[in-house]
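Examining the three-dimensional arrangement
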Amino acid sequence: MTQTLPTQPPHTPPRRHPASSGERRPAPARHRGLGGLATRIVLLAIVDALAVYGLLALAADRSWWMFGALLVGTVAVNAVYAGKRHVPAKYLAPGIALLLVYQVYVVLYTGVAAFTNYGDGHNSDKPDAVAAILAHSETRVPDSPVRPASVVARGDRVGLLVTQPDRSVRLGWAGHPLEPVEQPVYDAGGRAVAAPGWLALTYSQIAGRQKEISELRVPVTDDPNSGSLRTADGISAAAYRSTLVYDHDADTITDRAGGVVYRPTSDGVFAAPDGTRLSPGWKVFVGLDNFERILTDQDIRGPFLGVLVWTFVFAGVSVALPFGIGLVLATVLNGKRLGGHRIYRSLIVLPYAFPAFLAALVWQGMLNTDYGYVNVSLLDGAHVPWLTDPWLARLSVLAVNVWISFPYMFLICTGALQAIPAEVTEAARIDGAGRRQVLRHIKIPLLLTAVTPMLIAAFAFNFNNFNVIYMLTGGGPKDPDAPIEVGSTDLLISLVYKLAFGGSNRQYGMACAVSILIFVVVAAISVIGLRRSRAFEEQT
Amino acid sequence: MRSRLLLPAVLAATLLATACGGGSGGAGNGDKTAAPAASGQAAATGSLTVWADDARAKPLQEIAAAFTRDKGVKVKVVQKGLGEIRDDFVSQAPTGQGPDVVVGPHDWLGKLVHNGVLAPLELGDRAAAFSPVALEAMRYEGRTYGLPYAVDSIALLRNTELAPQAPASFEELLATGRRLVDEGKAKLPVAVPVDPKSGSPYHLYPLQTSFGCRVFGTKPDGAWDPAGLELDSPGCLRFAPWLRGLGKDGVISTSLTADIATDAFLKGRTPFLLAGPWDAATFKAAHVPFAVDPVPGADTAPARPFVGVQGFFVGAKSANPILAQDFVLNYLSTPQAQRALYDTGGRVPAATAVLDQVENDPVVAGFARAAQAGVPTPNLPAMDGVWADWGLTQLAIVQGRGDPTELTTAMAGRIRAKIAAG
């Protein structure tokens, strides 16, 4: 909603070009000075240096997609700005870069996510899920103590040096059970820190080998049931037993206790034959499942039509009414006859200066049934349920949204009216048209041509006006008997929010799918609207 | 000329942003390989990122500074909105760009574990330092995932000038409140904050439990059982008509928002307020004479408010697992750190030693007693779907939109269906 207003002043005389005789216009600078070239080189160098840093970082992180994108981008930037050619590209490149980052990438991401089961319980890839399942199944051996321990190293191998309560010391490493150590080295606190052949690791060395150390499991004895020691903080260790084992080759997880085998399913979880599932799962492509659910789920289809109709009403009224009010005010205040019209104009624009969501929150307080300003002060203590009765709530939501949006329409109309050349209206007057006729046949048609694209944009905006609804009523009041949590003032977009995030799980994939469907609806309306108004056609 | 200079500058800025975005993960990797295997040099030993909301960020910064001094580990405390931390953590942790440690309430646990983004914490002997309700809250499916530091719960705030005696039951409370209203000394017999959009399950829970109405049943080990929804138990079916009675009499109103309720108590317009510890400082500053007691029951069973436990969690995909665990287990668990968190935050401490030190503060002691009577808010992932239906049904009951018993039964059916659907 940041359209620029037409800024051409109304009474500018046509610009006269200076007579060519005698006067010499300075020749355009064909070759720029050395300073310009140097600046360009320095700036390009800085950009390239940053890009190289980014490329190295991305390569270290193995983010090959981002690496490729940055590489292509850097090459393109150099190609465009290094030479003297590609002048249009020089102007377009920054815009295109921003477009790619902020629009195309987001749209593509939404498009891809709509075909996945991305959401709570499926938020990462399979290796992460396996790691989380195994970590969660690792439980401390009952009644086993947490013992002081030191991380020690011999060459590449790390081990755990455990001090027993009786000051005897044991040492073990991966696959090698604990065994007694002779002549250990103790620190001041009585904790063993080194053993013959094994060096204590300093804190920074531990920090440098964290992954290795946190993955280290030292068997307590040869009996697997006694568990394995592991350290979480590098200074203590306890024995843990894992009930689940992941078989990498078979791609299954087996429960050692009951012998149950969990296999990966097509919807991205490990499941046992009896249907028990291990949490978390991982992200997988689910094809058209999300779309299918939206179109076939009775809970969604039931309220969908009602919400769709209300959304059209809301968006339509939210454009038509503010536009009407804005147009009337703009026409009235455009004339210079009204004293102090500048002050009025500033006052009218005030609601526009409020952030919309803040205005909605303030209105929510003012419309409170028992304590709100409207009922208590304006209606002398009446208890009108502005936001809790279905029809009044719809009315209130519309009224507040009109209040929020009419200043914008007023600004647009004022700008468009002022852009109509005075010559046109003067000519109409001379031809004998009255004030009203001029307005109806000259000004309004000209104004509509100018503002129609903005009206369509405003419609699309209000079609998805989540803030006002969410802040004022939260979509409610809700019919307590309805199967899903859909209220009288819910728009499609707030319905999506509740569908995707209102249940016990956040379903991002599903939300993306519904947004795509909404986009199709809005896009269709916009295309039809623009076609009919011919607003974007070149005027001949 | 100017525009020619401007364009590359804008581009440079854009690329800089891209490079920074991708760079932090790489920097982490660099740290890992940079530490020499054999040399004993204690240089920079890595860095930790902690996400905290504004109330927690400041006290954490001081403790983090001590950790940096002692261990040479840089700790970056990132201040985020409390509402964003949980969902951002879930979506960012898998990318490897998530935080090493987050601060938040225990009822996030289910969702975080369900998404595999939390590492279990082994408190060991340190567990003995914390109150049982705090430890219970930090457990999920039999494992501990968080180090507690503060507990919140609803208590009864009483204006001691208007009501010098603590009421023994909710009935007595109402009698006192109504008498004061009749005498013209107060406007409301009691202020129970209700959100007009989402109801008030949290504030009403102590009253509801006094009817024997729990949200979920419990498993043998005391953990909440997601399969055992009890919101339509006989106790709940007695609570619903009682609640409607309060709504009919205007004792509970769906337009009395938290702001209005707090304001009423602040201005002495009501003798009683059901509230958490959040606004206690405001009342103190305004010299409202008030005392804090546990919420009295309205029926025979004990009134048990929900207890929220604030704690520290370690990310499962932290690039610095040992440092993060060391910071949480060996630094934040110390009485000094817990005391420092209390001193700046003023919340009821979860560490019993710290609680003993500050028990001469009547407000803290009052909220501590209220919390001891309480039960941890369920940390099941299913709770997300429970709150909405639960609160909306309460609104309908208070406003008399339908039969209270039928509304309650229908709500329980819907919630069961939601939980079953996942």
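Residues numbered from 1 in each chain as written. Chains lettered and ligands numbered in written order. Predicted model: local features only at pLDDT ≥ 70, side-chain atom pairs only at ≥ 80, totals over all residues.

1. Some details on the overall build of chain A
Applicable threshold: Numbered from the N terminus, helices here are DSSP runs of H or I no shorter than four residues, and strands are runs of E no shorter than two. Two things to know: the radius of gyration comes from C-alpha atoms, and the globule rule equals 2.2 Å times the number of residues to the power 0.38. In this scheme every C-beta is placed from the backbone, and a residue whose C-beta has 20 or more other C-beta atoms within 10 Å is buried, one with 12 or fewer is exposed, and one in between is partly exposed. Here, residues touch in the contact sense if the C-beta positions derived from the backbone fall within 7 Å of one another.
Across its full length, chain A holds 17 helices and 16 strands. By the compact-globule yardstick of 24 Å for 540 residues, chain A is too spread out, its C-alpha radius of gyration being 35 Å. Seen through its principal axes, chain A has C-alpha atoms that stretch 115 × 75 × 45 Å. Burial analysis of chain A (540 residues in total) assigns 34% to the buried set. In chain A, the share of contacts with a sequence separation of at least 24, taken over all contacts with a separation of at least 6, comes to 60%.

2. Description of the overall build of chain B
A tally of regular secondary structure across chain B gives 16 helices and 15 strands. The 422 residues of chain B split such that 56% are buried. For chain B, long-range pairs separated by at least 24 residues make up 76% of all intrachain contacts whose partners lie at least 6 apart in sequence.

3. Brief notes about the pairing of strand E11 (residues 272–275) of chain B
Here is the key point about a regular strand: its side chains alternate between the two faces of the sheet. Residues and elements named next belong to chain B. Just so we agree on the cut-off: Should DSSP find at least two bridges between two strands, the strands are taken to pair.
Neither face of E11 is open: one carries Phe-272 and Leu-274, the other Leu-273 and Ala-275, and all of them are buried. Examined bridge by bridge, strand E8 (residues 155–159) and E11 share 4 bridges and lie antiparallel to one another. Looking across to E11, one finds that Ala-155 is bridged to Ala-275.

4. As for the environment of Ser377(A)
By secondary structure assignment, the location of Ser377(A) is in helix H11 (residues 373–378). A C-alpha to C-alpha distance of 39 Å links Ser377(A) and Leu499(A), two positions 122 residues apart in sequence.

5. So, the environment of Ser255(B)
In this fold, Ser255(B) is placed in the loop between helix H8 (234–248) and helix H9 (258–266). A tally of 19 C-beta atoms within 10 Å means that Ser255(B) is categorised as partly exposed. Taking the C-alpha atoms as reference points, Ser255(B) and Pro241(B), separated by 14 residues in sequence, lie 20 Å from one another. In this view, Ser255(B) contacts Asn368(A), Thr369(A), Asp370(A), Tyr371(A) and Pro196(B); residues no more than four positions away in its chain are not counted.

6. Overview of the sheet that holds strand E15 (residues 270–271) of chain A
Residue and element names in this part refer to chain A. The 5 strands are arranged E12-E13-E14-E15-E16 in an open sheet whose pairing can be described as antiparallel. Each having just a single partner strand, strand E12 (244–247) and strand E16 (277–278) make up the two edges of the open sheet. Pairing geometry for strand E14 (residues 261–264) and E15, over 2 bridges, is antiparallel. Note that in E15 the partner of Pro-264 across the bridge is Phe-270.

7. Let's talk about the domain arrangement of chain B
All names here are of chain B. Definition in use: Note that domain bounds follow an automatic or database assignment of domains.
The domains assigned to chain B are domain 1 (44–152 + 308–376) and domain 2 (154–307 + 379–421). If you average the C-alpha positions of domain 1 and of domain 2, the two centres end up 28 Å apart. Contacts between the two partners involve 30 residues from domain 1, matched on the other side by 23 residues from domain 2. When contributions to the side of domain 1 that touches domain 2 are tallied by element, the ones reaching two or more residues are helix H4 (109–114), helix H5 (132–137), strand E5 (139–140), strand E7 (146–153), strand E13 (306–315), helix H14 (362–372) and strand E15 (375–376). Of all the elements, H14 adds the most residues to the side of domain 1 that touches domain 2, at 7 residues.

8. Comments concerning the pairing of strand E4 (residues 169–173) of chain A
Residue and element names in this part refer to chain A. Counting buried residues in E4 gives 4 out of 5 residues, a clear majority hidden from the surface. Here strand E3 (residues 157–163) pairs with E4 via 5 bridges, running antiparallel. Among the inter-strand pairings, Thr-163 is bridged to a residue of E4, identified as Val-169. Taken together, E3 and the strand that follows it, E4, pair antiparallel across an intervening segment of 5 residues, in which Arg-167 is found at a positive phi of about 70 degrees. In this structure, E4 lies alongside strand E5 (residues 176–180), joined through 3 bridges in antiparallel fashion. By the bridge assignment for E5, Trp-173 is matched with His-176.

9. Things to note about the packing of helix H12 (residues 390–419) of chain A against helix H14 (residues 435–463) of chain A
Helix-helix packing: each pair is described by the crossing angle between the helix axes and the interaxial distance. Residues and elements named next belong to chain A. For clarity, the cut-off: Angles run from 0 to 180 degrees between N-to-C directions of axes, and those axes are lines fitted to C-alpha atoms, restricted for helices to the stretch in contact. Note on angle classes: values under 35 degrees are labelled roughly parallel, values over 145 roughly antiparallel, values of 65 to 115 roughly perpendicular, and the remainder oblique. It is the rotation of the near helix from the far one that decides the hand of a crossing: anticlockwise by less than a right angle makes it left-handed, clockwise makes it right-handed. Gly falls in the polar group here, along with every residue not listed as nonpolar (Ala, Val, Leu, Ile, Met, Phe, Trp, Tyr, Cys, Pro) or charged (Asp, Glu, Lys, Arg).
Where H12 contacts H14, the two axes come as close as 9 Å, and the packing angle between them is 130 degrees. Regarding the angle of H12 to H14, the classification is oblique. Two packed elements cross with a definite hand, and for H12 against H14 that hand is right-handed. Note on element contacts: H14 touches H12 through Lys-443, Leu-447, Ala-450, Val-451 and Met-454, opposite Ile-412, Cys-413, Ala-416, Leu-417 and Ala-419. For the contact of H12 with H14, the per-class residue count stands at 9 nonpolar, no polar and 1 charged.

10. With respect to the domain arrangement of chain A
If you check the domain split of chain A, you get domain 1 (36–113), domain 2 (126–278) and domain 3 (293–533). Computed over C-alpha atoms only, the centres of domain 2 of chain A and domain 3 of chain A are separated by 61 Å.

11. Topic: the environment of Ala194(A)
Residues and elements named next belong to chain A. Mapped onto the fold, Ala-194 is located in strand E7 (residues 192–194). The buried category is assigned to Ala-194, around which 20 C-beta atoms lie within 10 Å. Linking Ala-194 and Val-169, residues 25 residues apart in sequence, is a C-alpha distance of 10.0 Å. What Ala-194 contacts, discounting residues up to four positions off in sequence, is Val-152, Pro-184, Val-185, Leu-199 and Ala-200.

12. A closer look at the packing of helix H2 (residues 64–82) of chain A against helix H3 (residues 87–113) of chain A
All names here are of chain A. Closest axis-to-axis distance for the H2/H3 pair is 9 Å, and the angle between their directions is 160 degrees. When the axes of H2 and H3 are compared, the pair comes out roughly antiparallel. Considering how the two elements wind past one another, H2 and H3 form a crossing that is left-handed. Seen from H2, the contacting residues are Gly-73, Val-77, Val-80 and Tyr-81; seen from H3, they are Ala-89, Lys-90, Ala-93 and Ala-97. The class makeup of the residues in the contact of H2 with H3 is 6 nonpolar, 1 polar and 1 charged.

13. Notes on the confidence of the model for chain B
Put simply, the rule is: Every residue is assigned a pLDDT by the predictor, reflecting its confidence on a scale from 0 to 100.
Across chain B, the average pLDDT comes to 86, with 89% of residues at 70 or higher. Here the complex is predicted with pTM 0.81, and the ipTM for its interfaces comes to 0.76.

14. Notes on the sheet that holds E11(B)
Residue and element names in this part refer to chain B. Ordered in space as E11-E8-E12, the 3 strands form an open sheet in which the pairing is antiparallel. Looking along the sheet, the strands with just one partner apiece sit at the ends: E11 and strand E12 (290–293). Sheet twist, expressed as the average angle between the axes of neighbouring strands with direction ignored, equals 25 degrees. Along the sheet, H14 contacts E8 and E12; its crossing angle with E12, the most-contacted strand, is approximately 25 degrees.

15. Details of the nonpolar core
This is how it is decided: Any set of buried Ala, Val, Leu, Ile, Met, Phe, Trp, Tyr and Cys residues joined through C-beta atoms within 7 Å is what this text calls a nonpolar core.
Core analysis: the largest hydrophobic core is formed by 176 residues, its most contacted members being Leu161(A), Val50(B), Val101(B), Ala191(B) and Val328(B). In terms of residues, this core owes the most to one element, helix H15 (residues 383–399) of chain B, which gives 9 residues. Those residues within four positions of Leu161(A) in sequence are excluded, and the remaining contacts are Ala149(A), Ser150(A), Val152(A), Val169(A), Leu171(A), Ala192(A), Ala195(A) and Trp198(A). Formed by 50 residues, the second largest nonpolar core is a distinct cluster that contains Ala315(A), Ala330(A), Leu367(A) and Tyr508(A).

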